[in-house]
Amino acid sequence: MKESNSKSKQQPQNWSDFRFTAEEAAGAVGDFGTLFPIIIGVAVVTGLDLGPILLFMGLAYLATGLYYRLPMPVEPMKSIGAVAIAGELSAGEIRSAGIMMGIILLALGFGGWISILREKIPGWLIRGIQLGLAAILLQQSLAFILSDPVLGTISALIIVGFTFLPILDISSLVVLGIGIIIGFRTLGGIPLHIISLSPPALPGLETFLPGLIRGTFPQLPLTVGNAVLATSLMITDLFNKNVAEEKLVKSMGAFCLLFVPLGGFPMCHGAGGLAAQYRFGARTGGSNLISGTILLIMGIFFASPRLIEFFPYGVLGALLVFSALQLARSGKQTDRPVLSLLTAGLALLADIGIAFLVMAAISAIYGFYKKQIKTW
């Protein structure tokens, strides 16, 4: 493993790592079905400015594309986003939660502790996290489609139809194009909304404790399980390349510490987003450069809450269905299917962070007693 990583570092960067084709463009928007509902919901509920959120997410996409030279999703941290949309985190508490996540992730990366976690966390648990996330995405996608059944069904049929055609799969671009056309017909145009940036600002001290308890702690196991371990494993599955977990935690930690004080939302990578990018054709870092450019333009010129209306829920739901299926295909490669399914079920019924902690504790207790029995 170390030898493979060393060789990967020695490979010179070249333009074959960056394609700008219809296939890459289709993959570039593959994860938008997860990204937009979360950030729009957070902006509406908490009052956070949508412009900086999109701007810094776009910059993060560009940076990861250039650095990893692979499709690499940049997503809002889902647990923090869900708690915020539920009205349990203020704007200041979101910033404090993101700053604490940045500190912890950089400590895991530079302190070498993520390697210890990698050795201690069994493969079946990571696969179970993948299956659980697939189930959560499927549940969310069905809710989107049911809220817009006609467009959702048509979008799903288009995406399925492309899988049977002997042509390039640009179904995500076709479906999003249909959604934008409907948005123009409904709203008459995208309103211009020029971004306004504020100076860096640290949240008040009173926000750190609630931000840590309600934001950082629930997010941390999800980030370790899905955004780090599961993502690294999926990169190996899809591209036969090794990306060290330390790299992933360092890039996420840097994004949180650099962008959150400027108005960005806490960001992570994610196996679900990678599945979506790959499903729709992303194979190189060029996909990330396309995603980043789209988000930059939106953030600088068009970042009003009405923006979400140009991506109807039926379209987003159809994209999420096939992201979930791609993730499930990776998750089923488990050597302990019962334990992986238990993890997935707990994630769906309770919370993916809770599932990670509970099943990790069970694994640790079982390993301890097994060791004791051998000693006796």
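As a starting point, this report considers the structure included with it. Because the structure is predicted, anything quoted here is derived from the model rather than measured.

Cut-offs used in this document
Residues numbered from 1 in each chain as written. Predicted model: local features only at pLDDT ≥ 70, side-chain atom pairs only at ≥ 80, totals over all residues. Heavy atoms only, no water. Helix = DSSP H or I, 4+ residues; strand = E, 2+ residues; numbered from the N terminus. Buried < 20%, exposed > 50% of the residue type's maximum accessible area, 1.4 Å probe, protein only. Contact = heavy atoms within 4.5 Å. Areas by Shrake-Rupley, 256 points an atom, 1.4 Å probe, with all protein chains shown as cover. Lys, Arg positive; Asp, Glu negative; His and termini not counted. Charge placed at Lys NZ, Arg CZ, Asp CG, Glu CD. Axes fitted to C-alpha atoms, helices over the stretch in contact; angles between N-to-C directions. Parallel < 35°, antiparallel > 145°, perpendicular 65-115°, else oblique. Left-handed = near helix turned anticlockwise from the far one by under 90°. Nonpolar A, V, L, I, M, F, W, Y, C, P; charged D, E, K, R; others polar. Polar contact = N/O pair within 3.5 Å; in protein donor to acceptor, adjacent residues only side chain to side chain. Expected span 1.5 Å × (residues − 1). Bend = angle between axes of the 7 residues up to and from the residue.

As for the overall build of the protein chain
Here's step 1: Across its full length, the protein chain carries 17 helices and two strands.
Here's step 2: Overall, the protein chain is about 75 × 55 × 45 Å in size when its C-alpha atoms are taken along their principal axes.
Here's step 3: When each of the 376 residues of the protein chain is scored for burial, the buried share is 55%.
Here's step 4: Within the protein chain, contacts between residues at least 6 apart in sequence are counted, and of these 87% link residues at least 24 apart.
Here's step 5: For the protein chain, the accessible area works out to roughly 16,300 Å², and carbon and sulfur atoms hold 69% of it.
Here's step 6: Here the protein chain carries 24 positive and 19 negative side-chain charges, and the mean point of each set is 8 Å from the other.

Some details on the environment of Leu348
Here's step 1: In this fold, Leu348 is placed in helix α16 (residues 337–349).
Here's step 2: Note on Leu348: relative accessible area 36%, which makes it partly exposed.
Here's step 3: Sequence separation between Leu348 and Ile136 is 212 residues; the distance between their C-alpha atoms is 6.0 Å.
Here's step 4: Setting aside residues no more than four positions away along its own chain, Leu348 makes contact with Ala135, Ile136 and Gln139.

Some thoughts on the packing of helix α4 (residues 50–68) against helix α12 (residues 245–259)
Here's step 1: Where α4 contacts α12, the two axes come as close as 11 Å, and the packing angle between them is 150 degrees. Taken together, the axes of α4 and α12 are roughly antiparallel relative to one another. Here α4 and α12 pass one another in a crossing that is right-handed. Only Lys247, Leu248, Ser251, Phe255 and Phe259 of α12 make contact with α4, whose side of the interface consists of Phe56, Leu59, Ala60, Ala63, Thr64, Tyr67 and Tyr68.
Here's step 2: In terms of residue class, the contact of α4 with α12 is built from nine nonpolar, two polar and one charged.

Considerations on the side chain of Ser291
Here's step 1: Positionally, Ser291 belongs in helix α14 (residues 286–301).
Here's step 2: A relative accessible area of 0% means that Ser291 is categorised as buried.
Here's step 3: A distance of 2.6 Å separates a polar side-chain atom of Ser291 from the backbone oxygen of Ala28.
Here's step 4: In this structure Ser291 touches Ala28, Phe32 and Tyr61, once residues within four positions along its chain are discounted.

A word on helix α11 (residues 208–239)
Here's step 1: With 32 residues, α11 should reach 46 Å at 1.5 Å per residue; the first-to-last C-alpha distance of 39 Å falls well below that figure.
Here's step 2: Taking the largest bend as the criterion, α11 deviates by roughly 40 degrees, centred on Thr223.
Here's step 3: Phi turns positive one or two residues past the end of α11, at Asn240, with a value near 55 degrees.

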